[in-house]
Amino acid sequence: VVIRAQNGALLYRISPWARYVVRDEDKVNYDWVHWNPPQSYIHKNPSPKRLKSLRIYESHVGIASPEGKVASYKNFTYNVLPRIKDLGYNCVQLMAIMEHAYYASFGYQVTSFFAASSRYGTPDDLKEMIDAAHSMGITVLLDVVHSHASKNSEDGLNQFDGTDSCFFHSGYRGNHQLWDSRLFDYANWEVLRFLLSNLRMWIEDYRFDGFRFDGVTSMLYHHHGIGTGFSGDYNEYFGLHVDEDALCYLMLANHMINSLHPECITIAEDVSGMPALCRPVAEGGGGFDYRLAMAIPDKWIQIIKELKDEDWNMGNIVHTLTNRRYEEKYIAYAESHDQALVGDKTLAFRLMDAEMYTNMSVLMPLTPVIDRGIQLHKMIRLITHALGGESYLNFMGNEFGHPEWLDFPRIGNNESYHYARRQFNLTEDDLLRYKFLNAFDRDMNRLEERFGWLASPQAYVSEKHESNKVIAFERASLIFIFNFHPYQSYVDYRVVAFKYKILLDSDAGEYGGHQRLDHNTEYFSEEYPHNYRPNSIMV
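This one's a predicted model, so the numbers in the text were calculated from it and none came from an experiment.

Draft legend 1. Region of the structure containing the UniProt feature "active site" (unreviewed entry) in the chain. Feature annotation in UniProt places "active site" (unreviewed entry) on Asp214 and Glu269, given in this structure's numbering. Sequence-wise these annotated residues cover 56 residues; spatially they are packed, their C-alpha atoms never more than 5.5 Å apart. Taken from the residues named earlier, the lining of the largest cavity is made up of Glu269. Here aspartate 214 lies in the loop between strand E12 (210-213) and helix H4 (216-220). Position of glutamate 269 among the secondary structure elements: in the loop between strand E13 (265-268) and strand E14 (290-292). Dropping the residues within four chain positions of it, glutamate 269 is found in contact with Arg212, Phe213, Asp214, Gly215, Val216, Thr217, Leu292 and Met294. In terms of polar contacts, glutamate 269 uses its side chain to reach the side chain of arginine 212, at 3.5 Å.

Here it is in structure tokens:
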């Protein structure tokens, strides 16, 4: 597109509505390609019905291969989707699909909002991938970035008409000082049309089943959450510092999606805890279905970094996992892509660190570091899954304790793909202990599928015992008992229950545990009041 600016200059631009843009290897900028195949991809499978329990597998197509390269939509369709299905996840959340010129931005510096990234394949390859997911009963969500846009002008939206406004606020308000990106003017009629039609296009053309809105905190406040703490005081959420234009856009987007496609799901990535964000628009809420429980991964990192095992505070763990706004649905997660990125560490790497390079073989003796790391990795995931929310999320590879970190090719690492991949092959090696963590994650998800605790009311916590380091709670007719004590086991330990049999045991042999419990035993309750309940059992 060639535009004559107000000053007479000719500007060469890509259409903001371009559906397919590609970059030749010898070029810096992307070119718009007219994508119109003789026969467009025809979807064969209906979208899955709206799920009661969401178990989300957060994914990035480009790194979804053990090989050091940009992986493809085809690779994800044939090699990764069957793996996600086997692990018991019923929803995949796709990052970095909207076209972004800079691969290392993780997809968060979008240049072409209507184009599916061409570095992984064609638009039809993506449609086939989503169709294959639907054939497996897997819901597909798009990580949508409407909170900001890349500063690129020749292949992005910036300075589209030669001014610094057009799609964005001009001046200071139109720039994000931390992200070095442009901020939309949500009061502009054409910007609203652009963003709303963008959402419809992803749903109606590609058959996405909903969205995870990125950067919602940045949108909600004029301060963008920069240098601001949130304690839960209502003054932090209501006042002139709230960007009402952006809030109204989010309400409008959710209203539109809910009206046209009521089966679609929307998720808000908000760290602030804005009240009513996940209540219907008709109630004056934001209209989202779920919000991310972003305090939970921070709490696990703080505990592992700062506390000795014997100093873990059971009450504080339970409080963090249950502290959520009444009748707003939360997505619990122990870690996401944020913790896997270079500069941070995954839980597995924090727990086991350098020993992962040498002692993950079953031929090596089980060292105290690896033993502790494997057991806590399973327990942290299960208690987060069962107590932390109404949905669960895991970033690809973290389910089996993927070693090292995630780092995209860039000048600082000599454009290396060594850390921009997922080594799924580690779980297929019978001589490595990663298979234990993978099996536990699979069976944990399958147990939720059977009993549906995520769709059940919040758990009743009957015990958080500081000196014994024991947490016990009831949810969905199941009893969950966790012994976080670093060296103490218990015999004839009384907990609230009626009759039960072991369904999932992190100490079982197939999960790399020590097989200390007999799974054939049936436990019967007695009329012995305990922790304000009439019946209890000894375990």
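That shown, we press on.
Draft legend 2. Quick peek at unusual backbone geometry. Its identity is not glycine, yet aspartate 353 carries a phi of approximately 45°, on the positive side. Within the secondary structure, aspartate 353 sits in the loop between helix H9 (347-352) and helix H10 (368-387).

Draft legend 3. The arrangement of helix H11 (residues 434-451) in detail. Taking 1.5 Å of rise per residue, the 18 residues of H11 would be expected to cover 26 Å, and the 26 Å separating its terminal C-alpha atoms lies within 8% of that figure. Every buried residue belonging to H11 is among Tyr434, Phe436, Leu437, Asn438, Ala439, Phe440, Asp441, Asp443, Met444, Asn445, Leu447 and Glu448, and all of these are buried. Contacts from the buried residues of H11 go to strand E5 (54-60), helix H1 (73-86), H10 and strand E16 (391-395). Glycine 452 sits one or two positions beyond H11 and adopts a positive phi of about 65°.

Parameters and conventions
Residues numbered from 1 in each chain as written. Predicted model: local features only at pLDDT ≥ 70, side-chain atom pairs only at ≥ 80, totals over all residues. Heavy atoms only, no water. UniProt positions renumbered as here; feature names shortened; annotations may be inferred. 1 Å grid on protein atoms, 1.4 Å probe; cavity = no way out; pocket = protein on both sides within 12 Å on 5 of 7 lines; lining within 4 Å. Helix = DSSP H or I, 4+ residues; strand = E, 2+ residues; numbered from the N terminus. Contact = heavy atoms within 4.5 Å. Polar contact = N/O pair within 3.5 Å; in protein donor to acceptor, adjacent residues only side chain to side chain. Expected span 1.5 Å × (residues − 1). Buried < 20%, exposed > 50% of the residue type's maximum accessible area, 1.4 Å probe, protein only.

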